[in-house]
Amino acid sequence: MAKLPTPAELIQINYQMPSKGWLDLKAELRPGYYVNAAAPKWMQMIDYPFPRSWNVADEDWQLPEDWKERVLQGMEDRLQRFRSLKLFFDICVRCGACADKCHFFLGTGDPKNMPVLRAELLRSVYRRYFKTAGKLLGELAGARDLTDDVIKEWFYYLYQCTICRRCSVFCPYGIDMAEMTILGRELLSSVGINIDWALASVAQCYDKGSHIGATPQAFKDMVDFLAEENERITGITTPCPVNKKGAEILFVVPSGDYFADPGSYTFMGYLLLFKYLDLDFTMSTYAAEGGNFGWFISHEMGKRLNAKIYEEAKRLKVKWILGGECGHMWRVCNQYMPTWWGPIDFLEEPVSPITGTKFENATVHKMVHISEFTADLFKHGKLKVDPQRNAHIKLTFHDSCNTARGMGIFEEPRYIINQVMPEGHFFEMPPNTIREKTFCCGSSSGINANENMDIRMLGGLPRANAVKYVHEKYGVNHLGCICALDRATLPTLMQYWVPEMEITGITELVANALVFEDEIERTTDLRDRPLAGFEEADEEEGAE
């Protein structure tokens, strides 16, 4: 990874329009702004076409001889299969309502990062080969030939889109740039153009069951270690059943929750919550990954990786599925699973065994989000908590794109936060940066690599600015979220722009506050930081 410029060096934003039209401007593929090409071994592992060693910086990308025919045939196929694609291509009137809504345009000033123009990169080829006006009039009708330079431009800008759908909120026609981005990436993939970070995660998930490539034994070891940490800190034993047949609930989480900090603290929170409830649940070594990097590449690969969740629910004979704090797992669940798999007749409509609440929104796909589940517990007074255990934290909340815009989870996490935080310790960011208008972390959809750190920091700048505002005005020191990818990407973003900020999952805060009858005296939170009022004891212990 090249040395990342300082914030002052990186921010060189110019919002003036170029002197030339966009059709005359060739894409400049700048290091730090793109992810490396996928290694052949990953493509071979998932049987993807045209595996080869190539470099994005090379002039020759070693495209197959018939690459143009393949891309155009792929576009024609998708125009027939996805009515949405043709609709989105045809109805845009270029009003510009979306132009300044993309965090990548705000962070770079690059006109081709305006959603309307990013869509034109694809739409111009559609016009040239599939519309009469484009065939006859060419550029006069906004059409252009498909060349290898166009393919490079697609690659460069379709991987500067995090599929967050913020632009769609402001589009008067509801055009979904995320759908076009995914389908555009599918076309690139058809001629062997993929990014390494995403393909590596997909291939390892396909081969071993998780994006990090953890074996079932490694998964079990990590889960057991986090349970031991709970016992050390709280005195509470939190065993985690694995591959248990006949449990009521299958619990599925993203691998980021048991693999690395700060997600591991969220996972410890899950176990403490379930122990408190005496919940009849199991996890699975086969469905050990709830996240879905496959969806960042293609609908087909998203479906392939998603299949294991239902297969394991059927094998283990559970009643319904509870999911952890993940973004793209829930986007896929809420918007795609019912279409992919049809009626899920072997599972029951989810009902909380603690409160009796029917989760009617999960009637079709049979999966409940942990925030919905926990908010319902608080609503029915089923959890005893001491909010003062989070008094060392001043919190703001980041609405993760996929759970917010993709699923409509806005109030549940806030309701939970207000139960487990002392009054006056939770502060919202400005209203145009949260809920359905939330800014993205700038690194999701498979681009959270190291080699593209410049564009990641620029794409995350709008979110960082909102965090910086509440940090400076209210002394906020923690940014909460309910997405494992956010917990993986936001620490880097905050370290760069707002270094005083830490990232936390919401279930971690719940576990900090939970009061068990047989717990040891709690002097620290799950991160071993002293609770308010115990700082001196911690200093004395350190001195000894």
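Here the residue numbers are simple positions, counted from 1 along each chain's written sequence. pLDDT decides what is reported in this predicted model: residues at 70 or higher carry local features, side-chain atom pairs at 80 or more are listed and counted, and totals for whole chains, interfaces and linings draw on all residues regardless. Here the side-chain values reflect all heavy atoms present in the structure, with hydrogen atoms and water set aside.

*Asks:* Describe in detail helix α16 (residues 328–335), supporting the description with residues and values.
*Replies:* Counting buried positions along α16 gives six out of eight residues, so the element sits mostly inside the fold. All of the buried residues along α16 are His328, Met329, Trp330, Arg331, Val332 and Cys333. The rule is simple: take the accessible area with a 1.4 Å probe, protein chains only, and divide by the maximum for that residue type; under 20% is buried, over 50% is exposed, in between is partly exposed. Helical segments are the DSSP runs of H or I of at least four residues, strand segments are the runs of E of at least two, and each set is numbered from the N terminus.

*Asks:* A description of a negative patch on the surface should follow, citing residues and the corresponding values.
*Replies:* A cluster of acidic side chains, namely Asp58, Glu59, Asp60 and Asp148, defines a negative patch on the protein surface. Counting through the fold element by element, Asp60 comes out in the loop between α2 (40–45) and α3 (67–81). Patch members must show over 30% relative accessible area and no salt bridge, and they are joined within 9 Å when carrying like charges or within 5 Å when they are nonpolar side chains of Val, Leu, Ile, Met, Phe, Trp or Tyr. All accessible-area figures derive from a Shrake-Rupley calculation using a 1.4 Å probe, and residue coverage is judged against the displayed protein chains alone. Just to be clear on terms, a salt bridge is a Lys or Arg side-chain nitrogen sitting within 4 Å of an Asp or Glu carboxyl oxygen. Charged-residue counts in this description rest on Lys and Arg as positive and Asp and Glu as negative, His and the chain ends being excluded. One atom stands in for each charge, and that atom is NZ of Lys, CZ of Arg, CG of Asp or CD of Glu.

*Asks:* Explain the domain arrangement of the chain residue by residue, including any values.
*Replies:* For the chain, the assigned domains are domain 1 (12–30 + 49–193) and domain 2 (203–513). The straight-line distance from the C-alpha centre of domain 1 to that of domain 2 is 32 Å. We call two residues contacting when some pair of their heavy atoms lies within 4.5 Å. Facing 25 residues of domain 1, the contacting portion of domain 2 comprises 28 residues. Approximately 2,100 Å² of surface area, both sides summed, lies buried where domain 1 meets domain 2, with 63% of it carried by carbon and sulfur atoms. Summed over both partners, buried area is the accessible surface (1.4 Å probe) that two parts give up on being assembled. Three residues, His103, Arg165 and Arg166, lead the burial of domain 1 against domain 2; their summed loss comes to 25% of the area buried on that side. Joining domain 1 to domain 2, the criterion identifies zero salt bridges. Between N or O atoms, a polar contact is any pair within 3.5 Å; within protein, one atom must be a potential hydrogen donor and the other a potential acceptor, and residues adjacent in sequence are included only when both atoms are from side chains. Our count for the contact surface shared by domain 1 and domain 2 stands at 11 residue pairs in polar contact (both at pLDDT 80 or more). A domain assignment, automatic or from a database, supplies the domain bounds used here.

*Asks:* I'd like a description of the side chain of Asn113, backed by residues and values.
*Replies:* Tracing the sequence through the fold places Asn113 in the loop between α5 (103–108) and α6 (115–130). Asn113 sits in the buried class, given a relative accessible area of 0%. Apart from residues lying up to four places away in sequence, Asn113 is in contact with Cys102, Phe104, Phe105, Thr108, Arg118, Tyr157 and Gln160.

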